[in-house]
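# Residue-level structural notes
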Amino acid sequence: HIAMDGINFDRKESASFAEYWHSLRKDELVPAKSQLDLGQLKHHLPYIMMFERISDTSFLIRLVGTEIVRRRGKDTTGHKLELYSSADGASPFQRNLMAALDCPCGFLTISIEEYTKGARSFIELSGFPFADSEGVPRFVVALAIESSRSFSRQNKSLLVSQERTTRQEWEFHQFIDIGAGLPEPIIPTKEGITPVYQDLTR
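From a predicted model like this one, the values you see are computed outputs, not experimental measurements.

Rules behind the numbers
- Along each chain, the written sequence defines residue order, and numbers are assigned to residues from 1.
- For a predicted model such as this one, the threshold for reporting local features is a pLDDT of at least 70, and the threshold for listing and counting side-chain atom pairs is 80 or more; totals across whole chains, interfaces and linings nevertheless cover every residue.
- For the side-chain quantities, the full set of heavy atoms in the structure was used; hydrogens and water were omitted.
- For helices the rule is a DSSP run of H or I covering at least 4 residues; for strands it is a run of E covering at least 2, with both sets numbered from the N terminus onward.
- Given a helix with a known number of residues, its expected span is that number minus one, times 1.5 Å.
- Throughout this description, buried means an accessible area under 20% of the type-specific maximum (1.4 Å probe, protein chains only), exposed means over 50%, and partly exposed covers the range between.
- Here the arc refers to the set of directions running from the helix axis out to each C-beta atom.
- Contacts are assigned to residue pairs that have any heavy atoms within 4.5 Å of one another.
- Note on definitions: salt bridges are taken to be side-chain nitrogens of Lys or Arg within 4 Å of carboxyl oxygens of Asp or Glu.
- When the centres of two rings from Phe, Tyr and Trp lie within 6.5 Å, Trp using its six-membered ring, the rings pair. Their planes under 30 degrees apart give stacked, over 60 give edge-to-face, and anything left gives tilted.
- Think of it as a cone above the ring: NZ of Lys or CZ of Arg counts as a charge over the ring if it is within 6 Å of the ring centre and within 35 degrees of the ring normal.
- Note: two strands are recorded as paired if DSSP finds a minimum of 2 bridges between them.
- pLDDT: the predictor's confidence for each residue, scored from 0 to 100.
- Take the buried residues of types Ala, Val, Leu, Ile, Met, Phe, Trp, Tyr and Cys, join any two whose side-chain atoms come within 4.5 Å, and each joined set is a nonpolar core.

The subject of this paragraph is helix 1 (residues 12-23). Its 12 residues give helix 1 an end-to-end C-alpha distance of 16 Å, which sits within 8% of 16 Å, the value for a rise of 1.5 Å per residue. Turning to helix 1, its buried residues number three or more, namely Glu 13, Ser 14, Phe 17, Ala 18, Tyr 20 and Trp 21. Take helix 1 and look down its axis: the buried residues cluster within an arc of 160°, on one side only. Where helix 1 is buried, its residues contact strand 1 (48-53), strand 4 (120-131) and strand 5 (137-146).

Right, here's the structure in full:
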């Protein structure tokens, strides 16, 4: 049994999204994507992203919520995630998605997004795996929402009028054990961050 209330989510939307994923599991380690009812997540939809692994090294971006599109200034629905790989291989975000399916596990990150007009926003990203019709973990559905740290007096007015994201850097990352163990840690920046593992199997 996984105790979702053991995760230190910043936003209540992230916590309710995790609870919804957990409610779909029944007796399976990873719920089937066919059980996912976006109608049940209508208040979360502007912040939802869905990824499908289409090869060992690439993902197809199936869905990008309207608030994410607004924040980033572009809609990447239908794009392949391999377009965003860094020169030294898969990006940390891509490795994070692969780990969520290979292990499988959940994840929680806090990243800093900087925008062309100068604002900096803290984004809480939480995600969980879903299986295809054969029971193979193939999809990751994630919620990307501004954390409460974004709502400083300086940022409030700027965040509603940004043109596009110019830079994104992880500040915090943890994998969430859903019963299959934990992947190797990811150190996503040159400075490095200390991954925090959260074992929710107890």
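Turning our attention to the side chain of Asn 96. If you trace the backbone, Asn 96 turns up in helix 3 (residues 92-102). When its relative accessible area of 0% is taken as the criterion, Asn 96 is described as buried. Discounting chain neighbours no more than four positions away, the residues touching Asn 96 are Phe 107, Trp 170, His 173, Phe 175 and Ile 186.

Helix 3 sits mainly inside the fold: eight of its 11 residues count as buried. Within helix 3, the full set of buried residues consists of Pro 92, Gln 94, Asn 96, Leu 97, Met 98, Ala 99, Ala 100 and Leu 101.

Turning our attention to the pattern of salt bridges. When their charged atoms lie close together, side chains carrying opposite charge are able to pair. According to the stated counting rule, one finds eight salt bridges in the structure shown. Two residues, Glu 67 and Arg 70, come together in a salt bridge whose shortest N-O distance is 2.9 Å. One end of the pair, Glu 67, and the other, Arg 70, are both in helix 2 (residues 66-72), three residues apart, so they sit about a helical turn from each other. Given the relative accessible area of 32%, Arg 70 is considered partly exposed. Residues Asp 132 and Arg 138 are paired through a salt bridge, measuring 2.9 Å at the closest nitrogen-oxygen approach. A single network of salt bridges, built from pairs that share partners, joins Glu 67, Arg 70, Arg 71 and Glu 146.

Moving on, we get to the packing of aromatic side chains. This structure, assessed with the given rule, holds three aromatic pairs. Where Phe 17 meets Phe 128, the ring centres are 6.2 Å apart and the plane angle is 55°; that geometry is what we call tilted. Of this pair, Phe 17 sits in helix 1 while Phe 128 is found in strand 4, placing the two residues 111 residues apart along the sequence. Judged by relative accessible area, which is 1%, Phe 17 ranks as buried. Aromatic pair Phe 51 and Phe 93: ring centres 5.5 Å apart, planes at 65°, arrangement edge-to-face. Taken together, the residues Phe 51 in strand 1 and Phe 93 in helix 3 connect sequence positions 42 residues apart. An aromatic cluster of at least three residues, connected via ring pairs, comprises Phe 17, Trp 21 and Phe 128. Positioned over the ring face of Phe 139 is Lys 33, at 5.1 Å from the centre of the ring.

Attention now moves to the pairing of strand 2 (residues 59-64). Where strand 1 meets strand 2, five bridges bridge the pair, whose relative direction is antiparallel. Looking at strand 2, one finds that Met 50 is bridged to Leu 63. With antiparallel pairing between neighbouring strands as the criterion, strand 1 and strand 2 make up a hairpin whose turn holds five residues.

The next subject is the confidence of the model for the protein. Summary statistics for the protein give a mean pLDDT of 80 and a share of 74% for residues scoring 70 or more. Across residues 189-202 the pLDDT falls below 50, and counting only partners more than four positions away or on other chains, this stretch makes 45 contacts in the model.

Phe 51, Phe 59, Leu 97, Phe 107, Val 140 and Phe 175 are the most contacted members of the largest nonpolar core, which totals 24 residues. When contributions to this core are tallied by element, the ones reaching two or more residues are strand 1, strand 2, helix 3, strand 3 (106-115), strand 4, strand 5 and strand 6 (165-177). The element best represented in this core is helix 3, accounting for five residues. Listed in part, the 23 residues of the second largest apolar core include Ile 7, Ala 18, Trp 21 and Ile 145.

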